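# Coordinates in review
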Amino acid sequence: MRVSNMQKYFITGGAGFIGSSMADRLIEEGNEVCVYDNFSTGCRPFLKAASSSPNFSIIEGDLLDFERLKIAMKGSNFVYHFAANADVRFGANYPERDLQQNTVATFNVLEAMRLNKIMRLGFSSTGSIYGEPDIFPTPEDAPFPTQTSLYGASKLAGEGLISAYCNSFGINGVSYRFVSVLGERYTHGHVFDFCKSLIKNPNSLNVLGDGKQRKSYMYVQDCIDAIRLVEKNNTNGFEVYNLGVDSYIEVNQSINWITDTMHLDPKLIFEGGKRGWIGDSPFIYLDTTKIRTLGWKPTHEIEDGVKKTVKWLLENQWALERD
């Protein structure tokens, strides 16, 4: 069964990178969209195009404000839950932040859905929940090792809550375990940090770790394509999908693409060992066989995604200046 021509979607974190990109796509498809965001990291300019549609609305609110959330969600058919504290690097400095903004917030979303009788959910999880696995590429059913980041642990707890709500209350939920996502509106991560640093000082670049961390990256529109495809295949119960590309690179390779695009040749200063920070997995590479069986495949290589991101950041330097 395909999605009807007009659905009302509720997007938490809808002013963020992926959330605003999803809002644009849903409106283009003829749907009604309500964005719920506290704008702590979300960007109002990302919603400029969506705001021109009569099918779009914004509610400024925090997911920890349950009563406001419950009222705001009323009348929706589907929830995309993208809001989260995504700053893995500083998780150990603020342990409660991941618990509150990721796990407790997810509980509030689920409870608001239950009370409003909304039965469909798409959740942005992370490949970080695999910690440092022994299997590469890592499939959805890989054994879970010791969690290495508070961010990954909080997202895994969120998945557990979603699974329980699906089984207890008949909600249909899908958890998307992403690799890092790049592209227009990208506002955090090492490509962002490197660009910001190089604009301030084009002669040298400090690199956390040894530059040999192996990462996989996905272009944001490919990510949106995959999510929409799963929804249109009418998933029931609780499902998990890895989303990523079938390749990976070293951080050093991304540095080469970034500096080439910026026409720079900085001195590289490496700081630390094989990890950039606590919880930084030195190798992330996901098995995406499950999503590919639905007919999805990414249309952008990692190099293309990195270069598109750098060009967007250079053209929108206001995004680099936000703190």
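Described below are features of the structure shown in this document. All figures in this text were calculated on a predicted structure; none of them were measured in a lab.

## Considering the overall build of the protein
A count of helices and strands for the protein gives 10 helices and 13 strands. For 323 residues, the compact-globule estimate of 2.2 N^0.38 gives 20 Å, and the protein sits close to it at 19 Å. When the backbone C-alpha atoms are referred to their principal axes, the protein occupies close to 55 × 45 × 40 Å. Taking all 323 residues of the protein together, the buried fraction comes to 53%. A separation threshold of at least 6 residues defines the contact pool for the protein, and within that pool the share at least 24 residues apart is 81%. Of the accessible surface of the protein, which amounts to about 14,200 Å², a share of 49% is contributed by carbon and sulfur atoms. Looking at charge distribution, the protein has the averaged site of its 33 positive side-chain charges lying 3 Å from that of its 38 negative ones.

## Points about the nonpolar core
Among the nonpolar cores identified, the biggest contains 66 residues, and Tyr80, Phe178, Ile227, Leu243 and Ile258 are the most heavily contacted of them. Listed in part, the 21 residues of the second largest apolar core include Ala112, Ile118, Phe123 and Cys166.

## Let's talk about the environment of aspartate 304
Its location among the elements puts aspartate 304 in helix α10 (residues 302-315). Considering only alpha carbons, one finds aspartate 304 and tryptophan 257, 47 residues apart in sequence, at a separation of 9.3 Å.

## Digging into helix α1 (residues 17-28)
Given a rise of 1.5 Å per residue, 12 residues ought to cover 16 Å, and the 17 Å separating the end C-alpha atoms of α1 matches this to within 8%. All buried positions along α1 are accounted for by Phe17, Ile18, Gly19, Ser20, Ser21, Met22, Ala23, Asp24, Arg25, Leu26 and Ile27. Residue glycine 30 follows α1 closely and has a positive phi angle near 95°.

## Observations concerning unusual backbone geometry
A cis amide bond links phenylalanine 136 with the next residue in sequence, proline 137, at an omega value of -10°. With respect to the secondary-structure elements, proline 137 resides in the loop between β5 (120-124) and α5 (150-169). A positive phi angle, close to 80°, is found at arginine 185, a residue other than glycine. Along the chain, arginine 185 turns up in the loop between β7 (180-182) and α6 (190-200). Here the phi dihedral of histidine 263 falls at roughly 60°; this positive angle occurs in a residue that is not glycine. For histidine 263, a relative accessible area of 72% puts it in the exposed group.

## Overview of the side chain of glutamate 140
Along the polypeptide, glutamate 140 turns up in the loop between β5 and α5. At a separation of 2.8 Å, a polar atom in the side chain of glutamate 140 contacts the main-chain amide nitrogen of asparagine 242. Beyond its immediate chain neighbours, meaning those up to four positions away, glutamate 140 contacts Tyr130, Arg177, Val240, Tyr241, Asn242, Asp287 and Lys290.

## Some words on the state of the cysteines
The final tally for this structure, using the stated rule, is 0 disulfides. Cysteine 195 takes part in no disulfide bond, and the closest cysteine sulfur to it belongs to cysteine 43, at a distance of 16 Å. Here cysteine 223 stays free of any disulfide, with the sulfur of cysteine 43 as its closest cysteine sulfur at 18 Å. Accessibility expressed as a relative area gives 0% for cysteine 223, which makes it buried.

Criteria and thresholds
- Residues numbered from 1 in each chain as written.
- Predicted model: local features only at pLDDT ≥ 70, side-chain atom pairs only at ≥ 80, totals over all residues.
- Heavy atoms only, no water.
- Helix = DSSP H or I, 4+ residues; strand = E, 2+ residues; numbered from the N terminus.
- Rg over C-alpha atoms; globule rule 2.2 N^0.38 Å.
- Buried < 20%, exposed > 50% of the residue type's maximum accessible area, 1.4 Å probe, protein only.
- Contact = heavy atoms within 4.5 Å.
- Areas by Shrake-Rupley, 256 points an atom, 1.4 Å probe, with all protein chains shown as cover.
- Lys, Arg positive; Asp, Glu negative; His and termini not counted.
- Charge placed at Lys NZ, Arg CZ, Asp CG, Glu CD.
- Core = buried A, V, L, I, M, F, W, Y, C linked by side-chain atoms within 4.5 Å.
- Expected span 1.5 Å × (residues − 1).
- Polar contact = N/O pair within 3.5 Å; in protein donor to acceptor, adjacent residues only side chain to side chain.
- Disulfide = S-S within 2.5 Å.

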